[in-house]
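Geometric and topological summary
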Amino acid sequence: MNMVDARDRGGPRQPLLTVEGLRKYFPLRNALGTVSAHVQAVDDISFTVAKGETLGVVGESGCGKSTTARLLMHLIERDAGSLLLDGDPVGSGGVSVRDLRRQVQMVFQDSYASLNPRHTAVAEIAFGLRVIGHRRAEAEAQARQTLRLVGLDPDQFAGRYPHEMSGGQRQRVNIARGLALNPRLLILDEAVSALDKSVQAQVLNLIEELKQRLNLTYLFISHDLNVVHYVSDRVLVMYLGKIVEIGPVDEIWRNAAHPYTRALFSSRLSMNPADRVVAPPLTGDPPSPVNPPSGCRFRTRCALAEPICAAVEPSLLAAGADAAHAAACHAVQAGSGHSLAGGMTHAA
Amino acid sequence: MTEIAVLPATAHTPARRPPQRGYWRNVLKRFLRDRIGLVCLMVLLAIALAAIFAPLLAPADPYRTSMIRRLIAPGEKGYLLGTDELGRDMLSRLLYGGRVSLSMGIAPIVLSTMIGGGLGVIAGYFGRHINMMIMRVIDVFYAFPSVLLAVAMAGVLGSGILNSLISLTLVFIPPIARVAESVTTQVRNQDFVEAARATGAGSARIIIEHVLANVTGPILTYASSLVSVSIIISSGLSFLGLGASPPTADWGLMLNTLRQAVYVAPVNAVLPGVMIFLTSVSFNLVSDSLRTAMDVRA
Amino acid sequence: MPRETTGQARAGRIVEVQDLSVRFVTRDADISVVQDVSFTLDAGEVLCLLGESGSGKSVTMRSLLGLLPPTARVGGRVMVSGHEVTRMTERQLESVRGPVAAMVFQEPMTAFDPVFTIGTQIAETIVSHEGISYRVARARVLELLELVQIPSAARRLDAYPHELSGGLRQRAMIALALSCSPALLLADEPTTALDATVQIQILLLLRQLQRDLGMATIFVTHDIGVACEIADRVAIMYAGRFVETGPIDTLISHPAHPYTIGLLSSTVHESSRGRPLAPIQGGPPDLADLPGGCGFAPRCVARTALCDQVRPTLIPFSTTRAAACHHPALETAPA
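Along each chain, the written sequence defines residue order, and numbers are assigned to residues from 1. Here every chain gets a letter starting at A, and every ligand a number starting at 1, in the order they are written. Residues qualify for local features only when their pLDDT is at least 70, as the model is predicted, and side-chain atom pairs are given and counted only at 80 or more; totals for whole chains, interfaces and linings, by contrast, use all residues. Excluded from the side-chain calculations are hydrogens and water; all other atoms, namely the structure's heavy atoms, are used.

Before going further, it helps to spend a moment on the environment of A:Thr283. By the secondary structure assignment, A:Thr283 is in the loop between α10 (259–266) and α11 (307–311). Given the relative accessible area of 62%, A:Thr283 is considered exposed. Between the C-alpha atoms of A:Thr283 and A:Thr300, which are 17 residues apart in sequence, the distance is 10.0 Å. Between two residues, a contact is recorded if the distance between any of their heavy atoms is within 4.5 Å. Residues within four places of A:Thr283 in sequence aside, it is in contact with A:Arg301 and C:Gln201. The helix count covers DSSP runs of H or I at least four residues long, the strand count covers runs of E at least two residues long, and both are numbered beginning at the N terminus. Under the scheme applied here, a residue whose accessible area is under 20% of the maximum for its type counts as buried, over 50% as exposed, and between as partly exposed, the area being computed with a 1.4 Å probe on protein chains only.

In structure tokens:
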């Protein structure tokens, strides 16, 4: 498993991906075509993805998790911020977008829409290989191998069109397409969310197995907390374009610091008819990312909100005993001015 | 991928599924089950073959006139479909006329599908400014009624088959471009195009391998529905003297020259019209059946 | 709504389904999507139809209101509040939809007309069914919006559907369904499209409304967690048939059908971390090509030769439980 990757430059301690101050605002145009407002989809987020880990990203719709994935893939242009791939800046002078896409690949949520309805499985997988210069025969031979890798018998599935496969089989083809270019980082954007539970479990097992086998690093985006808990090493919680909490998965599950993370946890369905949820942890819907609240974006739904939360935007600081655990909440940051926070000394 | 091992067999069990069939094979299967479409296709094939083999099939020279044998009713004196106002054999003229009329129905559509379809796909794929530039120009042309535009064009260019071909092509570019643009815009926003971009492929490659495969079907069906319009407009141009010029055998032109005889020999005068009607209706119905057969969901 | 216009329907049996079968007949295929489904439902009871895609759960529920596409061929008998739905014309069905049974959909945007305000749309439904004046109806809409806990309800009366957030739209949809005080509420994955923190709010609201109004409720879902939160009884569906039925608590704690067992072990839950999941093998059934015996046999761990030859029927194995399986896991189930 610990084979040395020739592309590894900075050694195991250098993050595979470093994201600094990433920002994307989508302009909203009125009827006359002038920009009237911005959707603040992703607003100044920074994080790292370590080599070989699975970083889970959770959050509700509109929190910016899918936009983040597309920004990392350069499918949309970022407004601000920088990306470092194994220490090298992506963009001018550093890693080209083309090279980035050989090392970072993505699996989309909708297994049907993300496959070309007129392409067979093998043609779809071979496409990327042909783009990077393989001949058709060579690319297709390799694509058949990749099909086998994701548990589909090439003799049976190579010639199938998307409508001739089930959702689980299609998602395996999608994963195979992502893997065909032999990436180091695979972004899984709600990749198992649309699957039936019985099939979801199969694909989750496959994803785990592939990670071990191919030395992969995952960015696993999902709204399903149980699934994220199952696959992730670390978790990043997003709310309205901001990171509200990040840390090792067990630490967050035991000691969630941010009120939003805690509310997400108590919104989970009980799976036990004798122990049903009695009161909803939050009221209302997440506000629109068009004009997000000032200060802390969660304050409008937060039970702990105080004037300081509206005035000052909390920054992502260490929370709790684990140094890798950080939260953006005044209530847990000593010296923030929040009545629940401690004195002037910063907690370790 | 350096070393790839097979996953344990537990990863999947073979699904019980019918044998693999391509999309177009399915379309063909469904089309063959459509009676009306099939009959109309037969009619079209018959007309096309008759036109192609006109020199072999025609009982007489379509251009030989005879003043004493004018406007003979169909079936009389050995003329299966009678003669026209100059005593030429109607059957032969209709057979030969099919060559001009069918070509004038199909050729402009083929040309405008290539040009308009290409413009529409480019506009739809790239969007934004490129879309704006292409589609606004198209819209200007689209704003004219098609018949008027064709007449105006042919009027400016002068009469003749080539000129009416050019004007018809120009007439059909805007509608085809608009359809191509709208289907391309839909396809372009699908995840699989984004996935193709994520592999690092360039725009040209994505258009050729991913977009075209998904838009040619709808564009071709739409274009095939325009063939009948093209036949009618080209006949109209000939009728007005802007298309084929006498003595060429052309259904539209024949309709024009025979119109004075409509009270004397009504059947003869109507025959070219019947051919135009039959051909255009068949094209429309075939195109309808094709569209139904291509609809995966039905 | 504390009104009792259809009060006589409030007690006793609301739904009686006998041998329901639904086929979809198109030019290319004739597919059985629901077969041999029978069940009853009393007032105040919540039944969950639980199954994966293609199990026929949604079609089963829609056939209670005659809400099926024209390609559907329905067999068997469906009685809702004394009306035999399977024999009714489209016109008669319209009079049943609303006062007798109402439905909440997964995507409320499709249930509302985008060009009218929600207040107008709900009021017009009431006017058309009860013949009261628009003014009175509008006052009732306000009550309804408050009932479904829409904040500042008076202001939302004049809101267009697109102006509401997903959670509020679903609440408005529920208000619309309740507007004619139905005896039976049908809910088709009403929380699937919602965020987690909103989903739990809507589930709790539905649970409370169902209890307060004493409605019989059928809930279609693919999510065991949702069933655990809301159901009294559950019917597990697979390939168009009921494979297991019973009260939610014993069914979850002691599943008898191998499919139910597999479904539970496939579902990722809090304590799954660190061990491989035990998914059901294989893919979803192909309804056009079902095996002759048990539909689940190709994926089943307990499969024997008998399963391939004889289709098991739904047989009770205790006073409240039944399973359609030749080899149910009865030793673990309570008697």
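Residue and element names in this part refer to chain A. Between any two strands, at least two bridges found by DSSP are needed for them to pair. Read from one edge of the open sheet, 4 strands run β2-β1-β4-β5, paired in antiparallel fashion. The open sheet has two free edges, formed respectively by β2 (35–49) and β5 (88–89), since each of these has just one partner strand. Judged from the 5 bridges that link them, strand β1 (residues 17–29) and strand β4 (residues 80–85) form a sheet pairing that is antiparallel. Bridge assignment links glutamate 20 to a residue of β4, and that residue is serine 82. Here an angle of 0 to 180 degrees is reported between the N-to-C directions of two axes, which are lines fitted to C-alpha atoms, with helices fitted over the stretch in contact. Packed onto the sheet, helix α1 (residues 65–72) meets β1, β2 and β4 and runs at close to 115° relative to β1.

Residues and elements named next belong to chain A. For every domain, the bounds stem from an assignment made automatically or drawn from a database. Taken domain by domain, chain A comprises domain 1 (37–239) and domain 2 (242–277 + 288–332). Using only C-alpha atoms to locate each centre, domain 1 and domain 2 end up separated by 27 Å. Taken together, the 26 residues of domain 1 in the interface contact 22 residues of domain 2. The contact between domain 1 and domain 2 buries some 2,300 Å² in all, and 62% of this surface belongs to carbon and sulfur atoms. In terms of surface lost to domain 2, no three residues of domain 1 exceed Leu225, Val237 and Tyr239, which account for 35% of the buried area on that side. For this analysis, a salt bridge means a side-chain nitrogen from Lys or Arg found within 4 Å of a carboxyl oxygen belonging to Asp or Glu. Linking domain 1 with domain 2 are 3 salt bridges, by the criterion used here. Any pair of N or O atoms that falls within 3.5 Å is considered a polar contact. Within protein, one atom must be able to donate a hydrogen and the other to accept it, and sequence-neighbouring residues count only if both atoms are side-chain atoms. Summed over the shared surface of domain 1 and domain 2, the number is 11 residue pairs in polar contact (both at pLDDT 80 or more). Sorting the residues of the side of domain 1 that touches domain 2 by element identifies β2, α8 (225–231) and β9 (234–239) as the ones contributing at least two each. Of the residues forming the side of domain 1 that touches domain 2, the biggest block, 9 residues, is contributed by β2. Summed over both partners, the accessible area lost on bringing two parts together, with a 1.4 Å probe, is the buried area.

Tracing the chain through its elements places C:Ala196 in helix α8 (residues 196–213). Note on C:Ala196: relative accessible area 23%, which makes it partly exposed. Setting aside residues no more than four positions away along its own chain, C:Ala196 makes contact with A:Glu60, A:Leu264 and A:Ser267.

The next thing to look at is the pairing of strand β2 (residues 30–42) of chain C. All names here are of chain C. The pairing of strand β1 (residues 13–25) with β2 spans 9 bridges and is classified as antiparallel. Paired with arginine 13 across the strands is aspartate 42, a residue of β2. With antiparallel pairing between neighbouring strands as the criterion, β1 and β2 make up a hairpin whose turn holds 4 residues.

Looking now at helix α6 (residues 167–180) of chain A. Each full turn of the α-helix corresponds to 3.6 residues, which orients residues three or four apart in the same direction. Taking 1.5 Å of rise per residue, 14 residues should cover 20 Å, and α6(A) covers 20 Å from first to last C-alpha, within 8% of that figure. Just beyond α6(A), the residue with positive phi is A:Asn182, at close to 55°. An expected span of 1.5 Å times one less than the residue number is assigned to each helix.

What follows covers the nonpolar core. Among the nonpolar cores identified, the biggest contains 104 residues, and C:Phe39, C:Leu64, C:Ile122, C:Leu145, C:Ile174, C:Leu184 and C:Ile218 are the most heavily contacted of them. Counting 65 residues, the second-largest nonpolar core is a separate cluster that includes A:Val122, A:Ala126, A:Leu129 and A:Phe157. Here, nonpolar core means buried Ala, Val, Leu, Ile, Met, Phe, Trp, Tyr and Cys residues that are tied together by side-chain atoms lying within 4.5 Å of each other.

Residues and elements named next belong to chain C. Inspection of the sheet shows β1 paired to strand β4 (residues 72–80) by 8 bridges, in the antiparallel sense. What sits directly across from glutamine 18, in β4, is arginine 77. Here 2 bridges tie β4 to strand β5 (residues 83–84), and the two strands are oriented antiparallel to one another. Among the inter-strand pairings, methionine 79 is bridged to a residue of β5, identified as glutamate 84. Where β4 folds back onto β5 in an antiparallel hairpin, the turn is made up of 2 residues, including serine 81, whose phi is positive at roughly 50°.

Between chain A and chain C, the residue contacts involve 41 residues of the former and 47 residues of the latter. Summing both sides of the interface, chain A and chain C together bury roughly 3,500 Å²; the carbon and sulfur share of this comes to 56%. Between chain A and chain C we count 1 salt bridge in total. The partner of C:Arg273 in a salt bridge is A:Asp250, and the shortest N-O contact between them spans 3.6 Å.

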